[in-house]
Amino acid sequence: MNFEGIPVEIIYRRIKYFRIEFKSQGLRAIVPVGVKPEKVLNDHRESIIKKYDKLKCQLESAKELPLINRDMKQFENIVLYYVDYFSKQLNTKIIQNIKFRKMKRRWGTCRNSGIITLNRCLQYVPEHLIAYIIFHELAHTIVRKHNRKFK
């Protein structure tokens, strides 16, 4: 199906409310059984188009970012350096462990137990972005949520 030039995948599920998600291939509409997807899409036309345009703009910006081809050992050394550096700057509690895994929707996470998990894809981005993500996750050792105090 196509909606305003956007490819749409319709998925019917036994759910109460519909859900609209943007994926790299286009739009995914998860619709309750018995509900017409055209009605849902038309009801939310303005917000869908606005989000789609924003996503296109972000993808274009991302094309301009240089990707760095570094191996995992180099990446780990960069991470350890910035964890040590920012831990001292922020005077945060000691990080127990740093884990690396591929994540679909996050760059990193921080647990109360002092475990930071970073997306393996960070190894290909410029170093200043790695530093930002590590700073952000270490800030969560001081303030847990993204509230005013955190910002």
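In this text the structure is predicted, and so the values were computed from the model without any measurement. (Residues numbered from 1 in each chain as written. Predicted model: local features only at pLDDT ≥ 70, side-chain atom pairs only at ≥ 80, totals over all residues. Heavy atoms only, no water.)

Caption draft 1: Layout of the sheet that holds strand β3 (residues 19–23). Reading across the sheet, the 4 strands line up as β1-β2-β4-β3 and stay open at both edges, with mixed pairing between neighbours. At either margin of the open sheet sits one strand with a lone partner, and together these are β1 (2–3) and β3. As paired strands, strand β2 (residues 6–13) and strand β4 (residues 26–32) are joined by 6 bridges and run parallel to one another. The residue of β4 that forms the bridge with Val 8 is Leu 27. Those strands touched by helix α2 (residues 45–63) are β1, β2, β3 and β4, and its axis lies near 20 degrees from that of β3. (Pairing = 2+ DSSP bridges. Helix = DSSP H or I, 4+ residues; strand = E, 2+ residues; numbered from the N terminus. Contact = heavy atoms within 4.5 Å. Axes fitted to C-alpha atoms, helices over the stretch in contact; angles between N-to-C directions.)

Caption draft 2: Molecular detail of the pairing of β2. Two strands pair when backbone bridges link them, and β1 and β2 are joined in this way by 2 bridges, in the antiparallel orientation. Residue pairing for β2: Phe 3 is matched across the bridge by Ile 6. Between β1 and the antiparallel strand that follows it, β2, lie 2 residues; Glu 4 among them carries a positive phi value of about 55 degrees.

Such coordinate-based values are descriptive only and should not be taken to indicate function.
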